[in-house]
Structure formats: C-alpha cells, structure tokens
Amino acid sequence: EVQLVESGGGLVQPGGSLRLSCAASGFTFSDYAMTWYRQAPGKERELVAIISSVGGTTNYVSSVKGRFTISRDNAKNTLYLQMNSLKPEDTAVYYCNVQRGGRAYWGQGTQVTVSS
C-alpha cells in the first residue's frame with residue numbers, strides 16, 4: 001500500500017524558512033518522480049515543484065523559483081522541500097504526490113502558515 005506522510009509544517013514569520021519532509025513507503029521510491037503541491041484556502045491545488053526519480057532534474061512554479069528547493073534521499077525514501085524567504089502568499093496546506101500505475105497518491109498534507 002502506497003503511503004505518503006508529510007511533516008515539517010508550522011507557523012513562521014515572513015522571511016523565515018521551513019523544511020518539509022515526505023516519508024514514502026509501499027512502492028520503489030527511487031523509480032518515480034515526486035511532486036509537491038499546495039492548496040491555499042479557497043484556491044485550487046497547484047503544483048509547486050517536481051523532481052525526477054534520481055533527482056537530476058527539478059522544476060518549479062514561477063512564484064517559488066529561487067526561494068524553494070526540492071530534493072530527495074532515495075536511500076531514506078524521503079522527499080524534501082526547503083522553503084526560504086517565505087511570504088504570506090505561501091500559506092497553504094502542502095502535499096506530496098506520486099503518480100503510479102495511472103493513479104495519483106497523496107499524503108494527508110502539512111499546514112504552512114506565514115504570518116507576523
């Protein structure tokens with residue numbers, strides 16, 4: 001059974017940093033690209049960052065480029081999102097995602113709130 005468990009969210013002041021983690025199990029983590037999404041209140045879920053299976057290729061939504069870094073540790077079956085220079089508009093629930101066998105799998109999400 002595929003399981004994705006996010007952690008690391010919290011309340012942070014504007015300009016601060018957080019590091020999100022996503023622990024994966026139930027599939028061969030190193031075989032799949034992984035993605036971070038976020039959903040702000042009243043908005044649609046949006047793709048934030050994607051990383052290839054071995055981590056050599058990454059891509060970001062324009063609003064986070066230069067501030068967020070996606071990475072992975074295939075030995076630990078863990079996906080990360082380092083978020084720096086956080087802004088109030090980054091406030092959202094953050095989810096990790098894997099597309100496997102024609103199906104999308106999601107974690108439960110972790111809340112990130114950027115506020116003074």
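For the structure itself, look to the data block above.
First, a word on what this report is: a plain description of the structure on this page.

Conventions we followed
Residues numbered from 1 in each chain as written. Predicted model: local features only at pLDDT ≥ 70, side-chain atom pairs only at ≥ 80, totals over all residues. Heavy atoms only, no water. Helix = DSSP H or I, 4+ residues; strand = E, 2+ residues; numbered from the N terminus. Rg over C-alpha atoms; globule rule 2.2 N^0.38 Å. Buried < 20%, exposed > 50% of the residue type's maximum accessible area, 1.4 Å probe, protein only. Areas by Shrake-Rupley, 256 points an atom, 1.4 Å probe, with all protein chains shown as cover. Lys, Arg positive; Asp, Glu negative; His and termini not counted. Charge placed at Lys NZ, Arg CZ, Asp CG, Glu CD. 1 Å grid on protein atoms, 1.4 Å probe; cavity = no way out; pocket = protein on both sides within 12 Å on 5 of 7 lines; lining within 4 Å. Points joined across faces, edges and corners; volume = space filled by probe spheres on them. Nonpolar A, V, L, I, M, F, W, Y, C, P; charged D, E, K, R; others polar. Disulfide = S-S within 2.5 Å.

## Digging into the overall build of the protein chain
Okay, step 1: Looking only at helices and strands, the protein chain has zero helices and 11 strands in total.
Okay, step 2: Counted from the first residue to the last, the protein chain has its helices and strands arranged as β-β-β-β-β-β-β-β-β-β-β.
Okay, step 3: The C-alpha radius of gyration of the protein chain comes to 13 Å, within 12% of the 13 Å expected for a compact globule of 116 residues.
Okay, step 4: The buried share of the protein chain, reckoned over its 116 residues, is 41%.
Okay, step 5: Of the accessible surface of the protein chain, which amounts to about 6,000 Å², a share of 45% is contributed by carbon and sulfur atoms.
Okay, step 6: Computed over 11 positive and 8 negative side-chain charges, the inter-centroid distance for the protein chain is 3 Å.

## A look at the layout of surface pockets
Okay, step 1: In this structure, the largest pocket occupies an estimated 210 Å³ of space.
Okay, step 2: For the largest pocket, the lining is made up of 14 residues, of which Arg 38, Ala 40, Lys 43, Glu 46 and Glu 89 are closest to its centre.
Okay, step 3: Its residues placed into classes, the lining of the largest pocket shows three nonpolar, three polar and eight charged.

## Side note on the state of the cysteines
Linking two cysteines covalently via their sulfur atoms produces the bond known as a disulfide.
Okay, step 1: Taken as a whole and judged by the stated rule, the model has one disulfide.
Okay, step 2: Across a sulfur-sulfur distance of 2.0 Å, Cys 22 and Cys 96 are joined as a disulfide pair. One quick way to see it: the torsion about the S-S bond of Cys 22 and Cys 96 is about 55 degrees, and its sign makes the bridge right-handed. Here the residue Cys 22 occupies a position in strand β3 (residues 18-25), and Cys 96 occupies one in strand β9 (residues 92-100), the gap between them amounting to 74 residues. Like Cys 22, the residue Cys 96 is buried in the burial classification.

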